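What the coordinates show
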Amino acid sequence: MTRISGLMRPASHAGLSPGALVADPASIRPTIRLIAYSPDDIVEIQDCDIESALAARGSRDVVWIDVVGLGDVELIARIGRAFGLHHLALEDVVNLMQRPKVEEFDDHAFIVLRMMVHGRRPETEQMSIFVGEGFVISFQERPGDCLDAVRRRLRRGRGRVRREGADYLAYALIDAIVDGYFPVLEAFGEEIEQLEDEVLDSPRPEHVHRLHGIKRDLLLIRRALWPTRDMVNIIVRDEVEVFGRQARTFMRDVYDHSVQLMDVVETYREIASGLVEVYLSSQSARMNEVMKVLTIISTIFIPLGFLAGLWGMNFEHDSMFGMPELQWKYGYPAALGLMLAVALSLLWYFRRKGWIGRGGDQ
Amino acid sequence: MTRISGLMRPASHAGLSPGALVADPASIRPTIRLIAYSPDDIVEIQDCDIESALAARGSRDVVWIDVVGLGDVELIARIGRAFGLHHLALEDVVNLMQRPKVEEFDDHAFIVLRMMVHGRRPETEQMSIFVGEGFVISFQERPGDCLDAVRRRLRRGRGRVRREGADYLAYALIDAIVDGYFPVLEAFGEEIEQLEDEVLDSPRPEHVHRLHGIKRDLLLIRRALWPTRDMVNIIVRDEVEVFGRQARTFMRDVYDHSVQLMDVVETYREIASGLVEVYLSSQSARMNEVMKVLTIISTIFIPLGFLAGLWGMNFEHDSMFGMPELQWKYGYPAALGLMLAVALSLLWYFRRKGWIGRGGDQ
Amino acid sequence: MTRISGLMRPASHAGLSPGALVADPASIRPTIRLIAYSPDDIVEIQDCDIESALAARGSRDVVWIDVVGLGDVELIARIGRAFGLHHLALEDVVNLMQRPKVEEFDDHAFIVLRMMVHGRRPETEQMSIFVGEGFVISFQERPGDCLDAVRRRLRRGRGRVRREGADYLAYALIDAIVDGYFPVLEAFGEEIEQLEDEVLDSPRPEHVHRLHGIKRDLLLIRRALWPTRDMVNIIVRDEVEVFGRQARTFMRDVYDHSVQLMDVVETYREIASGLVEVYLSSQSARMNEVMKVLTIISTIFIPLGFLAGLWGMNFEHDSMFGMPELQWKYGYPAALGLMLAVALSLLWYFRRKGWIGRGGDQ
Amino acid sequence: MTRISGLMRPASHAGLSPGALVADPASIRPTIRLIAYSPDDIVEIQDCDIESALAARGSRDVVWIDVVGLGDVELIARIGRAFGLHHLALEDVVNLMQRPKVEEFDDHAFIVLRMMVHGRRPETEQMSIFVGEGFVISFQERPGDCLDAVRRRLRRGRGRVRREGADYLAYALIDAIVDGYFPVLEAFGEEIEQLEDEVLDSPRPEHVHRLHGIKRDLLLIRRALWPTRDMVNIIVRDEVEVFGRQARTFMRDVYDHSVQLMDVVETYREIASGLVEVYLSSQSARMNEVMKVLTIISTIFIPLGFLAGLWGMNFEHDSMFGMPELQWKYGYPAALGLMLAVALSLLWYFRRKGWIGRGGDQ
Amino acid sequence: MTRISGLMRPASHAGLSPGALVADPASIRPTIRLIAYSPDDIVEIQDCDIESALAARGSRDVVWIDVVGLGDVELIARIGRAFGLHHLALEDVVNLMQRPKVEEFDDHAFIVLRMMVHGRRPETEQMSIFVGEGFVISFQERPGDCLDAVRRRLRRGRGRVRREGADYLAYALIDAIVDGYFPVLEAFGEEIEQLEDEVLDSPRPEHVHRLHGIKRDLLLIRRALWPTRDMVNIIVRDEVEVFGRQARTFMRDVYDHSVQLMDVVETYREIASGLVEVYLSSQSARMNEVMKVLTIISTIFIPLGFLAGLWGMNFEHDSMFGMPELQWKYGYPAALGLMLAVALSLLWYFRRKGWIGRGGDQ
């Protein structure tokens, strides 16, 4: 489950000197995956050492240094120095729980995204991307991502991705990360649909718990998506220099997707809220039904019980003011008749009120 | 019923190379309907082959190629190449579940709309329209649309539609598609009106289920309408070059209609929410009434039953501390009198509280 | 009652050629009332024929042609041709259920308003106004309007209205129509105030029904007012050429009124929503009270009834394990004492819980 | 109590010729208080006649004519003519229930404010202020205002107010009127705080009524504050010529206060809404508790009562199928034992369900 | 607990001459802490007298005068005169409960912030900061702040803070104050998380009280954060001259943090609201369960009790119309059988309705 209290960077960071790189103690030691390519040439090193990675710069048109794990601050600082990355941006790389954003520096742009991690509950990890002339440097928290399709396209060598520059690669990464939200939301859609059937059919308290969980998770997803959309929009509106006209045209597509994702999140949240309402009205209707059965049975049989008790009293039977009706020849049938009359008139009353006879659902 | 989980393009598309055309496996094989016209000349071919369709370009003032079914990616690509359509736009044609939008390319505009499909539940299909100098190319998912009125006007040859250019035809198509929402909303209006009468008269749990369904469907319609309105507004504000001054003036009308539709959707949603509230308050009032009947009958007859039981006890009657009242001459009438007194004082209490006697509705 | 399904123009209009004038079948045959005036001269013809009306143009400074009833499309088209009115605007005249708006054409402005019709429930009719140099042409759906005060001012000949141009007359009409909302809202205010007293005093389910009706009607009034305010604002901001500086200054007053009306509508809607909440909390409090009475009486007398029943059992009294207490000398008083003790301890328990003795309202 | 129906100007005003001055019949006959001052000279006349008031213009740097009571239209018109005030503004002076606003005319500005009247319930009266070169003219509905502190500062002659011009005096009046909302809101804050304690401790229906009243009154205060803030902002943004740079700087302070007041109103409204929610949940918890007591007692003693009744039946005891158990030697103890067993097993069931034994609050 | 009525400056301030410095009577007598530094030199005086503090100006690159306690108006005025601080700003220093804001004066900027005070409940104190060329003057209400980390960095002499100017110091202070909200919100996050577990597991009324308290406190925090974010944004957007390009770049980081804090506050508020909903639905489900148990037991045993009472009546047994069944040989077993049949058919009825047998949760 997403920890609510984990929405923010650790409080222990507060008050640190800005620009100071301090790794989160839970961070994994980094490994580097290097991909360098030109239109007709590609080299890929799975577990590259830092020297080779830095040396690869300029060897081909685009170098993509993908650092997985943020546990080695010195390594991050060294990459930063080699590529002239701004130290405030480097600080954001290791301070997790950043909001998605894009920041422009002199010769490079810095992009923060939240990438979906597929588990039992939707969780996001921080993905930081630096884009400059001829290089893309990405930092992920953990191994495992949704970028394999991009890597396959790079290796295949066909298509646009090998011919375009680093900005196009950055676009492809952002596109893949944003598209990574679709299957997660699809799973939510299916769960809501199933819950809708169940709530309409036979509402149970667990449904409200699950709807609460869904609404909360959608809230957290919205928190990641909203600034993503704004960030993409800034790139589309030509405000980030490293992205050329071509890449910006493609980013428009990512923008459409992020708007659509926001849309879906909002729609799901409203449907989930509506289902809670349906649940409560069902509960209320069931309660009404239960109470009606109780009331009908009780109001008929409690007075009858009283009558039976009345003639079960032990007053002296023989005197004129003692219970002479007990001696009457037709006393017993008359008593039964009276009870029947009481029961029937109460039934007539309930029917007139519409509590019985128009089905059991009112 | 609109499938909630079908709000988005299939997740399987995520990660594809942008620009790659991949048909949805459920797509129908396309057929082409060609209409080419000049002010005083029109030709219409119902099931046109692709070569004739492409060859028709330029033969008359305006060529309208209407492709129904998106199952043949090659055919779509061929049309795209012939008319110089942007490949990102072509990708959007086959990636269903797009949001309505307009995009401008060098010499043509690309418009996505959602067209109402009339069934038991409102559903929309994707309608993609390319407009350029002298041509309109439209792509629909399925046979059956709301454009027959436009075709009839074209054939009749009177009126403005034959004299104006491709932008006017595009306007006429958009106008017809937006107007196609009116009958659907009218049906919702009638259902809400009927539900209003029923909820005020005799609320039942089904009403809440139907109101939930209506609110959900209106939510989905709003999702289609909102970007439609924005899209039309972009055309009205003179930001799309292929639309001339005349067509833009007419688009203002479409804009008015889309704003009115949004208005109606919001109004209906608020009325439906109000009805759920009325339902819940009715339920609560009924429950109160049921409980009041139960309470009145129970609190009167349970004490009386106790009294009857009391004098039905078998304590030795004869002793002074045994139950001497059973031997009293007026014991029985006195007991009945006491019971009557208890009953009357409780009735008086309930009346004073307003539970009885001011009608049964409090 | 305002028909919810009547919020839109008839669906049958969808798909018509734009510019085609088709009268609503329910429309009344039109009559024309002509008023033409100069600062010191006025002529008024109650049931004017169309030729005289058209001929009056230019005879005096301002000509006001007031057409009541929209059942004769040819007459409307003829006026349109005579004054050069735009055909899209004429189409809007006969297509009822338009939103209030202002549109500017070459030499005239077209204004749509919704005018309050006073009946049992607030309803609006469409009022279309064309303003040009020297003429005002208005189209109403039905006889009866709120413009008599304007006509009287024209006839009296004093004051500004006779000296100013057609734009000032248009302002005076718009002002009168907007001010026509005040008495309607005042009536709502009084009804809400009365409901507030009643709900706080003795809530009944009818109150919720009436509050629902009020909220729904206010929703419909808001739908008419919101675009009216925008429309007036466009005129105030100097965006409509036919309105001169003087008339715009006066329109600022209309703008203030429309903002105030919106304000009042929102305030009333919030108060009405608050009253529903008060109603529900009252219901819940009453239910609690009813249940408390039931619980107190039942939990006291059901155990007592059991005890009475216990000693009414017919077990053999004489044996040692038969019911010897029935033979005891003080058996009966002891039994009564035990019952009293049970009752008192339960009463003490209820008092400790605060269910009795702190007033009956908890 | 603020009358809800009094939110608007009287409907009787609708349709009047604009610019016509018609006094509200309930208005008080006006008295004039004149203060004229220069940096080192001040004259103050408590009940000044109109001629002296008009004559005072120009005698000193600033003349403040304070008219209390709006019952004499002729007097207002005369002041208007003497100072060249715009007739639309004069109309607004006598048409009560105006929204706060500022309007600029050729050589003067017209400001409408709502001034708090301290009574049992917060009410506002209309304060109209004209500011021009060397004069401030204010119109109040009733005697009694919150401007005495300003008058004292004027008389004391120290401080900035005597040295600055009419715009500074206008600022001082606006500042005093806006600050007049603070004590009213403070009183609301204290009432809410007290209600919070009471609702958390022992919720009663009156609390909801009082919360409803508070929310309604805050709604009405917000209606007065919102346009006040906008009005002050217009002055701050240098859009009203008569206010010099100095006065505008000071108005920034008024702006801060009005924003803070809005803030507080919104915060109070949200807290009040939260308290209604707390009340409802408390009601629901109490109901649950009441029902649990009823259910526990009833479900234990009703079956026991049945058993007692069973053995109180009068079937022939002697036959083998008659009620032989009544004759058994240990019949009575066995019956008591059975009853005890039933009671204990039900108690065990309730405990297992958590209805008893974990405190009485679930 | 945060006092709700303490949201505003004391009403007693209303109507004071602007610019008049009046200390809050509860204010502490001030002490001054002086820090003056150049890149390689620092002097710090803990309890500095006012003369030395003023004399320190210019002695080193940056002077930071930190005044703790606002009880000495004369001292504040003296600092104001020495540094040429605007008197309206000085007034805001002593008028507590200001909203966060930045105001620019000729040669200095004035910033108001709300600093978190760590106690049982989140409370804020007012922090006023003046920034000019070479000096920072800060005013706090009480001893104890979150600025020690900044002071340590200053003393250590490494890092950027000693090399940059007064604007950077102001940035560092604002950064530390904004970061001071993180641990407070983290504590809320943990409390909400714990409440979520408890509400889902075993809802109790206290949970709603605590959720209400959390929502109210978050409301108050939001009130402090919202204007803080706006204030920081104004500095980032280059609208405050004293902040140089470097400091503005760093302020972007503070802006990110304040946006993130707002985000977290909103998310927490929505989760808390959702939990109240979950609580209410749990309550309603429990009530249903309780009522079902009551109804099942009552509706079975009340009719049986009636039957038992019936045969306990004392009608003359011997006559033919007296109760002959009591004499029948199998009368008793038949009566027991009838009772069993009644009980079983009611159980069957309840089972068919789904009240029993599908678990106890419906």
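Right above here is the structure, for reference.
Note that this is a predicted model, so its numbers are computed, not measured.

The rules behind each value
Residues numbered from 1 in each chain as written. Chains lettered and ligands numbered in written order. Predicted model: local features only at pLDDT ≥ 70, side-chain atom pairs only at ≥ 80, totals over all residues. Heavy atoms only, no water. Helix = DSSP H or I, 4+ residues; strand = E, 2+ residues; numbered from the N terminus. Buried < 20%, exposed > 50% of the residue type's maximum accessible area, 1.4 Å probe, protein only. Contact = heavy atoms within 4.5 Å. Areas by Shrake-Rupley, 256 points an atom, 1.4 Å probe, with all protein chains shown as cover. Lys, Arg positive; Asp, Glu negative; His and termini not counted. Charge placed at Lys NZ, Arg CZ, Asp CG, Glu CD. Salt bridge = Lys/Arg side-chain N within 4 Å of Asp/Glu carboxyl O. Polar contact = N/O pair within 3.5 Å; in protein donor to acceptor, adjacent residues only side chain to side chain. Least-squares fit on C-alpha atoms with pLDDT ≥ 70 in both. Patch = residues over 30% accessible without salt bridge, like charges linked within 9 Å, V, L, I, M, F, W, Y side chains within 5 Å. Pairing = 2+ DSSP bridges. Axes fitted to C-alpha atoms, helices over the stretch in contact; angles between N-to-C directions. Phe/Tyr/Trp six-rings, centres within 6.5 Å; stacked < 30°, edge-to-face > 60°.

**Thoughts on the overall build of chain A**
Helix and strand content of chain A: nine helices and seven strands. The principal-axis extents of the C-alpha atoms in chain A amount to approximately 125 × 40 × 35 Å. Burial analysis of chain A (362 residues in total) assigns 60% to the buried set. Of the contacts formed within chain A by residues at least 6 apart in sequence, a portion of 67% connects residues at least 24 apart. Carbon and sulfur atoms provide 52% of the accessible area of chain A, an area that totals close to 13400 Å². Looking at chain A, you have 42 positive and 52 negative side-chain charges, and the mean spots of the two groups are 3 Å apart.

**Some remarks on the interface of chain B and chain C**
On the chain C side, the residues contacting the 69 residues of chain B number 72 residues. Taken together, chain B and chain C are joined by nine salt bridges. Between K101 of chain C and D256 of chain B there is a salt bridge, and its shortest N-O distance comes to 2.5 Å. Between the two partners, chain B and chain C, sit 11 residue pairs in polar contact (both at pLDDT 80 or more). Counting residues per element, the side of chain B that touches chain C draws most heavily on helix α8 (residues 245-310) of chain B, which supplies 36 residues.

**Comments concerning the relation of the copies chain B and chain A**
After a rotation of 72 degrees and a shift along the axis of 0.1 Å, chain B superposes on chain A with an RMSD of 0.1 Å. Here the two chains are linked by the operation of a five-fold rotation axis.

**Looking at a nonpolar patch on the surface**
Where nonpolar side chains cluster on the molecular surface, the patch consists of L340, L344 and L347 of chain A and spans about 270 Å² of accessible area. Residue position: L340 of chain A is located in helix α9 (residues 331-352).

**What to know about the sheet that holds strand β2 (residues 41-48) of chain B**
Residue and element names in this part refer to chain B. Pairing within the open sheet is mixed, and its seven strands lie in the order β2-β1-β3-β7-β6-β5-β4. Only two strands of the sheet have a single neighbouring strand rather than two, namely β2 and β4 (101-104). Across the sheet, the mean angle from the axis of one strand to that of its neighbour is 15 degrees, orientation sign disregarded. Alignment of strand β1 (residues 31-38) against β2, held across six bridges, turns out to be antiparallel. In the strand pairing of β2, I35 is matched with E44. Across the sheet, helix α3 (residues 87-94) touches β4, β5 (108-117), β6 (123-132) and β7 (135-140), and the angle it forms with β6 is around 155 degrees.

**Looking at the pattern of salt bridges**
Residues and elements named next belong to chain D. According to the stated counting rule, one finds 140 salt bridges over all chains in the structure shown. Put simply, R81 and E74 hold a salt bridge, and the shortest N to O gap is 3.1 Å. Close ionic contact of E164 with R160 constitutes a salt bridge, the shortest N to O distance being 3.2 Å.

**Description of the sheet that holds strand β5 (residues 108-117) of chain D**
Residue and element names in this part refer to chain D. Strands sit in the order β2-β1-β3-β7-β6-β5-β4 across an open sheet of seven strands; the sheet is mixed. The open sheet has two free edges, formed respectively by β2 (41-48) and β4 (101-104), since each of these has just one partner strand. Within the sheet, the average angular offset between the axes of one strand and its neighbour, ignoring direction, is 15 degrees. Relative to strand β7 (residues 135-140), strand β6 (residues 123-132) runs antiparallel, the two sharing six bridges. What sits directly across from M127, in β7, is Q140. Sheet strands touched by helix α4 (residues 148-156): β1 (31-38), β2, β3 (62-68) and β7. Its angle to β1, the strand with the most contacts, is close to 40 degrees. Against the sheet, helix α5 (residues 166-179) contacts β1, β3, β5, β6 and β7, and its axis sits at roughly 170 degrees relative to β6.

**Comments concerning the environment of L340 of chain E**
A relative accessible area of 54% means that L340 of chain E is categorised as exposed. The spacing of L340 of chain E and L185 of chain E is 155 residues in sequence and 62 Å in space, taken between C-alpha atoms.

**Looking at the packing of aromatic side chains**
If you walk through the whole model with that rule in mind, you get 45 aromatic pairs over all chains. For the pair F306 of chain C and F301 of chain D, a centre-to-centre distance of 5.8 Å together with 55 degrees between the ring planes defines the contact as tilted. Linking F306 of chain C in helix α8 (residues 245-310) with F301 of chain D in helix α8 (residues 245-310), this pair reaches from one chain into another. For the pair Y168 of chain E and F250 of chain E, a centre-to-centre distance of 5.3 Å together with 85 degrees between the ring planes defines the contact as edge-to-face.

**Some points on the side chain of T299 of chain C**
Locating T299 of chain C in the fold gives a position in helix α8. Judged by relative accessible area, which is 0%, T299 of chain C ranks as buried. For T299 of chain C, the side chain forms a polar contact with the main-chain oxygen of I296 of chain C, separated by 3.3 Å. Here T299 of chain C is in contact with L346 and F350 of chain C together with V293, L294 and I297 of chain D, once residues within four sequence places are set aside.

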